[in-house]
Amino acid sequence: MIASAQRRRSVTTTSLGQPLRDTSFDVLRIPLLGRFLRWRWSRTVLQIPVLLVGLIMIGHAFWGPQLAPKNLAVLLTWVHFRGLVVLVILLAGNLFCMACPFMLPRELARRLFKPKWEWPAALRNKWLAISLFVSVLFAYELFDLWSNSWWTGALIVSYFAAALVVDTLFRRASFCKYVCPIGQFNFLGSTLSPVEVAVREPETCDRCQTRDCIVGVRAPADFKASDGTAIEQRGCELSLFQPRKVGNLDCTFCLDCVYACPHDNIGLFARLPAEELGMGGNRSGLGRVEKRFDFTVLIVVFTFGALLNAFAMISPVYTAEQWLASVTGLDVEWPILAALFATVLILEPAILLGAAAVFTRWMTETRQSVPAIINLFARSLVPIGFGVWLAHYGFHFFTGCLTVIPVAQNAALQSFGWPLLGVPRWQLGGIPESIVFPMEVGFICLGLAGSWMVAWTIARDLSPMRTWAGFTAWGTLHLLLFVSAVWIMIQPMEMRGTLLGG
Amino acid sequence: MRDELIRGDTNGWSAPGSMRLRAKWLAVGAVVLSSVHCGPIESAAPDIAIELRWEPSPPVVGNVDVSMRLTDAKGTPLAGAEVRIEGNMNHAGMKPIFADLAEVEPGRYSGTVPFTMGGDWFLLVTATTPEGNTVDGKIDVLGVRSR
């Protein structure tokens with residue numbers, strides 16, 4: 001098994017015998033862009049406009065029109081933000097964590113209150129974030145957040161407050177690593193990104209004595225930084241030690257390690273998307289992902305949640321819900337919704353993954369236990385899951401991308417009493433559905449291909465002589481998810497309040 | 001075909017000329033076109049009535065004929081008004097649809113609403129009387145069916 005991407009990069013050679021690292025594309029070496037990103041305050045510059053947009057959204061959520069299609073908070077949160085997140089992750093990297101606006105108030109607060117506590121050891125895992133991830137998905141359906149300006153605004157404010165409180169009380173990036181559900185989504189999604197923060201020359205790290213990339217740059221003894229500490233430049237707050245870091249999991253692209261490295265030995269390298277999902281072994285700050293059940297559950301929620309979230313937008317879900325209501329006699333929404341969530345996020349994955357693992361164990365005659373095999377292959381679900389998110393969020397974004405123009409024009413008109421941005425052009429929409437649909441299918445196909453490649457890699461490592469035997473069950477599972485996703489996408493959309501007419 | 005009754009109030013009637021008093025969502029309430037929500041629904045604002053008929057009913061994706069009858073508190077038809085409908089989905093990110101209704105008899109207006117997607121919609125109805133008064137109303141249209 002490959003120990004680390006960096007190690008591998010250092011020994012892999014091209015067909016011409018040159019070290020691969022010499023030909024790797026480093027975004028930080030691009031003229032202007034690279035110089036900007038290497039500038040210590042570049043992240044702040046990116047965060048400020050996003051924060052301003054966030055404040056406008058909050059204002060519009062509470063004091064703007066309470067009609068969802070005319071409200072910037074609802075539109076930008078549930079159409080543009082979600083769509084851009086998945087597209088940017090696919091095409092570039094985890095840039096939304098890089099430009100995260102929730103971190104700016106936290107940075108200001110930390111100038112006043114230094115966090116004193118370490119994040120509790122019992123919570124140093126993904127369970128809390130998984131719970132919040134499921135809660136957001138559940139609240140989205142239960143409260144019809146996509147059509148509710150006030151609750152969308154409340155969600156944004158809660159997010160700011162939670163980030164502020166957690167990171168004011170606890171050291172390092174506790175909120176990002178252990179709490180933030182958006183962050184976990186981005187971490188998993190960015191395993192499919194084409195770039196990765198990585199070291200340039202591993203040998204340089206071998207000779208490094210200071211390890212500034214993880215501990216930070218300390219000022220001379222007689223100097224204190226403007227915030228009163230002796231740290232001039234912090235190192236990685238997510239505990240990712242660059243020489244042992246593998247892939248993008250838990251990486252917020254904050255580039256603190258780049259600024260801290262005294263040898264200018266860290267870059268933003270192009271790489272093969274999803275390749276890291278096939279890698280096992282110890283990862284700095286994470287341990288062995290393939291042995292962590294919390295990561296398995298996170299991946300399951302990520303993948304099956306994508307199907308559930310899309311399923312909730314088509315008419316068959318209402319039939320299923322009405323059936324559940326009639327069978328149980330319930331006329332309140334939440335227990336029926338909870339049953340639906342339990343079925344899709346717990347029961348269905350347990351059956352499917354369990355069956356795949358049992359079959360794999362039988363076919364490969366491996367000694368690994370069924371839970372261990374599930375943990376091992378769970379990573380292969382990420383590409384197909386991300387493909388479904390891409391198809392779903394991409395649909396909303398592409399078909400409605402231009403609607404932000406008239407909504408912003410209308411907001412300016414109502415706020416200032418005159419058409420500051422022009423008269424609202426309500427006829428603006430987006431790309432026709434007939435064009436977007438093939439894109440949706442294409443995204444899901446890409447996801448299937450990615451999942452198959454990852455599963456093949458894992459199966460080969462598990463049983464080199466019986467790779468097909470190890471792959472078959474998981475490849476079939478991916479195909480089943482693919483068919484389910486395509487079936488959902490070809491259903492006519494019915495955007496209704498979920499359950500019993502909302 | 002089903003009739004739905006929405007009642008509003010007259011606070012939104014403005015004085016003639018430049019004094020344009022807008023009735024803020026006076027017709028709040030649901031016109032429910034599905035079987036679950038059939039029948040008249042009355043809002044707290046009782047003085048303006050909008051009576052809607054759809055064909056087909058409940059409405060489906062595509063062009064749906066709408067007939068609307070506007071009356072004041074005394075039941076007098078609101079004749080000669082210019083009536084415009086703006087339809088939006090509850091979900092953000094969808095282009096709104098528009099329809100101008102023509103008066104077919106005093107106080108009764110008809111036209112075609114082109115629903116572009118199944119799901120929950122709401123209609124913003126604007127009626128401008130010959131005197132220049134404007135009445136706005138919001139009507140929920142839940143559960144437009146996909147074909």
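Before reading on, note that the structure itself is shown above.
A. Up close: the overall build of chain B. Along the backbone of chain B there are 0 helices and 9 strands. Within chain B, the fraction of its 147 residues that count as buried is 40%. A sequence separation of at least 24 residues applies to 61% of the contacts in chain B between residues at least 6 apart.

B. Structural view of the interface of chain A and chain B. If you look at the interface, chain A gives 25 residues, while chain B gives 17 residues. A breakdown of the residues in the side of chain A that touches chain B according to their chemical character gives 12 nonpolar, 11 polar and 2 charged.

C. Main features of unusual backbone geometry. Each neighbour pair has its own omega, and for B:Glu55 with B:Pro56 the value is 0°, a cis peptide bond. Here B:Pro56 lies in the loop between β3 (48–55) and β4 (62–71). Cis geometry marks the peptide bond from B:Ser57 to B:Pro58; its omega dihedral reads 0°. Here B:Pro58 lies in the loop between β3 and β4. Phi at A:Leu32 takes a positive value of approximately 65°, unusual for a residue other than glycine. Relative to the assigned elements, A:Leu32 resides in the loop between α2 (20–23) and α3 (33–38). Overall, the presence of 7 C-beta atoms within 10 Å leaves A:Leu32 in the exposed class. One non-glycine residue, A:Asp250, adopts positive backbone phi at about 70°. With respect to the helices and strands, the residue A:Asp250 is situated in the loop between β3 (231–233) and α14 (256–260). According to the C-beta neighbour criterion, A:Asp250 is buried, with 24 such atoms within 10 Å.

D. Region of interest: the nonpolar core. Residues and elements named next belong to chain A. Counting residues in each nonpolar core, the largest one holds 129 residues, and the members touching the most others are Cys257, Ile299, Val301, Leu307, Val388 and Ala485. Examining the composition of this core, we find that 13 residues originate from one element, helix α15 (residues 293–311), more than from any other. Not counting the four nearest positions on each side in its chain, Val388 is found in contact with Ala306, Leu307, Ala310, Ile444, Gly447 and Ala485.

Procedures and definitions
Residues numbered from 1 in each chain as written. Chains lettered and ligands numbered in written order. Predicted model: local features only at pLDDT ≥ 70, side-chain atom pairs only at ≥ 80, totals over all residues. Helix = DSSP H or I, 4+ residues; strand = E, 2+ residues; numbered from the N terminus. Buried ≥ 20, exposed ≤ 12 C-beta atoms within 10 Å, placed from the backbone. Contact = placed C-beta atoms within 7 Å. Nonpolar A, V, L, I, M, F, W, Y, C, P; charged D, E, K, R; others polar. Core = buried A, V, L, I, M, F, W, Y, C linked by C-beta atoms within 7 Å.

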